[in-house]
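# Geometric and topological summary
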Amino acid sequence: MRLIFEKSIPDRRGVKLPMDDVPKAKSLRGKYLRKESALLPEVSELDVVRHFTNLSKMNFSVDTNFYPLGSCTMKYNPKFCEKAAAVDNFSNLHPLWPQLLKDDYLAQGALEVLYETEKQLCAITGMAAFTMQPMAGAHGELTGAMLMAAYHKTKGGRRKYIIIPDSSHGTNPASAALAGYEVIVISTDSDGCMDLGEFKKHLNKDVAGVMLTCPNTLGIFNPRIKEISDAAHEVGALMYYDGANLNAILGKCRPGDIGFDIVHLNLHKTFGTPHGGGGPGAGPVGVTEDLVKFLPISVVAKDDRGKFYLEYNKPKSIGYIAPFYGNFGVILKTYAYILLLGKEGLTEASDAAVLAANYIRVSLKNDYDLPYDKICMHECVFSASKQKEQSGIMALDIAKYLIDNGVHPPTVYFPLIIKEALMIEPTESESKETIDSFIELMKKIAKLAKENPQELKNAPGNMPVKRLDETKAARELNLIWNP
Ligand SMILES: *Cc1c(COP(=O)(O)O)cnc(C)c1O
């Protein structure tokens, strides 16, 4: 496919503007004026529509394909939520509008959305308050680690370590390191949980906190989670909940009730919002009562008259971590999603997500290695090591063949502790028919791996891009169009 720049024809126009009758501004100084016009493609409106419509058809999305990308919770994004986010008074709101007047906050409706969403998240997680500011899960983790530091500082000491299991998402150690902590990695035991003995051995008064995903990235809920949080609290460490897998436990279990002190949620995962391709996201962080005073500014509050305002006067706050009010559009969709489903609906969503994952787990366990063969939560993690041994077929080959057959691949090669990992998260959105045809396809792949591995190695055949030289693509990154 040609770039839009390559479709450019000199003087072709998409829009014609009327003659400019505004007097020329004198104040614009010469150095800010362009010497020559910008190198923009010169194309008609129809050229633009076709170009981008065709580009969009080359992509996978939840709206077009089954998308079992583990850990990412690629659920159906209800159009109701998109509609709510598109309401003019929300979508065209200027971020400075609420604070336009000195003592009277405008955009009361938008502030109410932030305020009420926070209340809903508190009810869902059992936390005392949330900051709605962080822009994604990883940003929430960094905020959480900074909250830990602020907390320990007021307790009179700097602590050095954050404990993280080896099944964790890569953002966990990265966020801890960015906040100035050293990371202690704990291995996974034969049950697929953080090794309790090893954990206790490393736990001491130098540990600021313990970061856990629960259920973890193997899709396993640690039955001894309370024992872990009690032990952490005993030495004064804080428990951090990576909420990426909250979709497994909505309405069933609240992180606040099992000892977590800080929680981030990935609103774009658990509460809908199309996020394939890297955005947009929102990663609000919730905390227990003791930590509320450290939350970032600003905070949406409500005065005696029932009016919403922005609170900046928080002397113990860690300060700004993002401009304005977080990713408002994603928060608004979350609010719509929660109201749309209600408590029962959210609980049913988790029930269905867990059932779907277990159905896949049981259906495919004779075809693929299942390193942790036990009841899972909302995702199940297979390994292609049997196929690799048989005929050199790797998780990557399976992923490419799935793409060719209209299925977005599961997450591959993660979690890192499983060789040739295939991490499948069907979510609650999919019908039994869709899941059955996926299972059939996976069985066909297992058969091909035995009988005709070359067919898998040749995939993808139907895609606009075939196998890339990934090393070359990374080393010789070529993203800039040169005329
Ligand atoms: C997605 C994910 C993250 C990071 O969240 P982002 O919103 O992508 O920054 C962290 N931990 C786990 C387990 C995840 O799946």
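Every chain is numbered independently, its residues counted from 1 as its sequence is written. Residues qualify for local features only when their pLDDT is at least 70, as the model is predicted, and side-chain atom pairs are given and counted only at 80 or more; totals for whole chains, interfaces and linings, by contrast, use all residues. Derived side-chain values reflect all non-hydrogen atoms in the structure, with water molecules and hydrogen atoms excluded from consideration.

### Re helix α5 (residues 137–154)
Numbering of helices and strands runs from the N terminus, with a helix taken as a DSSP run of H or I at least four residues long and a strand as a DSSP run of E at least two residues long. Expected helix span is given by 1.5 Å per residue-to-residue step, counting one fewer step than there are residues. Spanning 18 residues, α5 covers 26 Å between terminal C-alpha atoms, matching the ideal 26 Å at 1.5 Å per step. Buried, partly exposed and exposed residues are distinguished by accessible area as a fraction of the type maximum, computed with a 1.4 Å probe on protein chains only: under 20%, between the cut-offs, and over 50%, respectively. Taken residue by residue, α5 has G137, G140, E141, L142, T143, G144, A145, L147, M148, A150, Y151 and H152 as its buried positions. Just downstream of α5, G156 is the residue with a positive phi angle, here 95°.

### As for the packing of helix α2 (residues 79–86) against helix α10 (residues 328–364)
Two numbers describe a pair of packed helices, the interaxial angle and the distance between the axes. At their nearest, the axes of α2 and α10 sit 8 Å apart, and the two run at 135° to each other. Comparing the axis directions of α2 and α10 gives the class oblique. Judged by the sense of rotation from one axis to the other, the crossing of α2 with α10 is right-handed. Between α2 and α10, the contacting residues are F80, C81, E82, A84 and A85 on the first element and G329, L332, K333, A336, Y337 and L340 on the second. Axis definition: a line fit to C-alpha positions, over the contact stretch in the case of helices; interaxial angles, taken between N-to-C directions, run 0 to 180 degrees. Convention used here: angles under 35 degrees read as roughly parallel, angles over 145 as roughly antiparallel, angles from 65 to 115 as roughly perpendicular, and any remaining angle as oblique. Crossings are sorted by hand: turned counterclockwise from the far helix by less than a right angle, the near helix makes the crossing left-handed, and turned clockwise it makes it right-handed. Any two residues whose heavy atoms approach within 4.5 Å at even a single point are treated as in contact.

### Focus on the packing of aromatic side chains
Aromatic ring pairs are reported here in terms of the distance separating the ring centres and the angle at which the planes meet. What counts as a ring pair is set by centres within 6.5 Å for rings of Phe, Tyr and Trp (its six-membered ring), and what kind of pair is set by the plane angle: stacked under 30 degrees, edge-to-face over 60, tilted for all other angles. Under the counting rule described, the total for this entry stands at nine aromatic pairs. Centroid distance Y312 to Y320: 6.4 Å. Interplanar angle 45°. Geometry classified as tilted. According to the relative accessible area criterion, Y312 is partly exposed, its value standing at 31%. Its relative accessible area of 56% is what places Y320 among the exposed residues. Residues F324 and Y325 carry aromatic rings whose centres are separated by 5.8 Å and whose planes lie at 45° to one another, so their mutual orientation is tilted. The class for Y325 is buried, based on a relative accessible area of 11%.

### With respect to the site of the ligand
Nearness here has a simple test: a residue counts as near a molecule or strand if at least one of its heavy atoms is within 4 Å of that partner. Around the ligand sit 13 residues, and of these S71, G137, D242, H268 and K269 come closest. Two N or O atoms form a polar contact when they lie within 3.5 Å of each other; inside protein one atom must be a possible hydrogen donor and the other a possible acceptor, and for residues adjacent in sequence the pair counts only when both atoms belong to side chains. One of the side-chain N or O atoms of N266 is found 2.9 Å from an oxygen atom in the ligand. At 2.8 Å from an oxygen atom of the ligand is found a side-chain nitrogen or oxygen belonging to H268. Within the residue set of the shell around the ligand, elements represented by two or more residues are α5 and α9 (267–270). Residue contributions to the shell around the ligand peak at three residues, all from α5. Each residue is assigned to one class: nonpolar for Ala, Val, Leu, Ile, Met, Phe, Trp, Tyr, Cys and Pro, charged for Asp, Glu, Lys and Arg, and polar for all the others, Gly among them. Of the residues contributing to the shell around the ligand, the split by class is three nonpolar, seven polar and three charged.

### Remarks on the sheet that holds strand β3 (residues 182–186)
Any two strands are treated as partners once DSSP identifies two or more bridges connecting them. Across the sheet, seven strands lie side by side as β1-β7-β6-β5-β4-β2-β3; this open sheet has mixed pairing. The open sheet has two edge strands with one neighbour each: β1 (129–131) and β3. Going from strand to strand, the sheet's axes swing by 25° on average, the running direction of each strand aside. As defined by bridge partners, strand β5 (residues 238–243) adjoins strand β6 (residues 262–265) across four bridges and the pair is classed as parallel. Directly across from Y240, in β6, lies its bridge partner I262. Together, β1 and β6 form the strand contacts of helix α4 (residues 108–125), whose direction differs from that of β1 by roughly 125°.

### Things to note about the domain arrangement of the protein chain
Domain extents, as shown, originate in an automatic or database domain assignment. Taken as a whole, the protein chain is organised into domain 1 (4–26 + 38–54), domain 2 (81–339) and domain 3 (352–472). Spacing between the C-alpha centres of domain 2 and domain 3 amounts to 31 Å. Across the contact, 21 residues belong to domain 2 and 15 residues belong to domain 3. Of all residues in domain 2, T217, L218 and N247 bury the most surface against domain 3, accounting for 34% of the area lost on that side. One speaks of a salt bridge when a side-chain nitrogen belonging to Lys or Arg is within 4 Å of a carboxyl oxygen belonging to Asp or Glu. Taken together, domain 2 and domain 3 are joined by zero salt bridges. Linking domain 2 to domain 3 there are four residue pairs in polar contact (both at pLDDT 80 or more). When grouped by side-chain class, the residues that make up the side of domain 2 that touches domain 3 number seven nonpolar, 11 polar and three charged. Here the quantity called buried area is the accessible surface, traced with a 1.4 Å probe, that two parts lose on coming together, added over both.

### Remarks on the packing of α5 against helix α6 (residues 171–178)
Interhelical geometry of α5 versus α6 gives an angle of 40° and a closest axis separation of 8 Å. In terms of their interaxial angle, α5 and α6 are classed as oblique. Relative to α6, the crossing made by α5 is right-handed. Contacts between α5 and α6 involve A138, E141, L142 and A145 from the first element and T171, N172, S175 and L178 from the second. Grouping the constituent residues of the contact of α5 with α6 by class yields four nonpolar, three polar and one charged.

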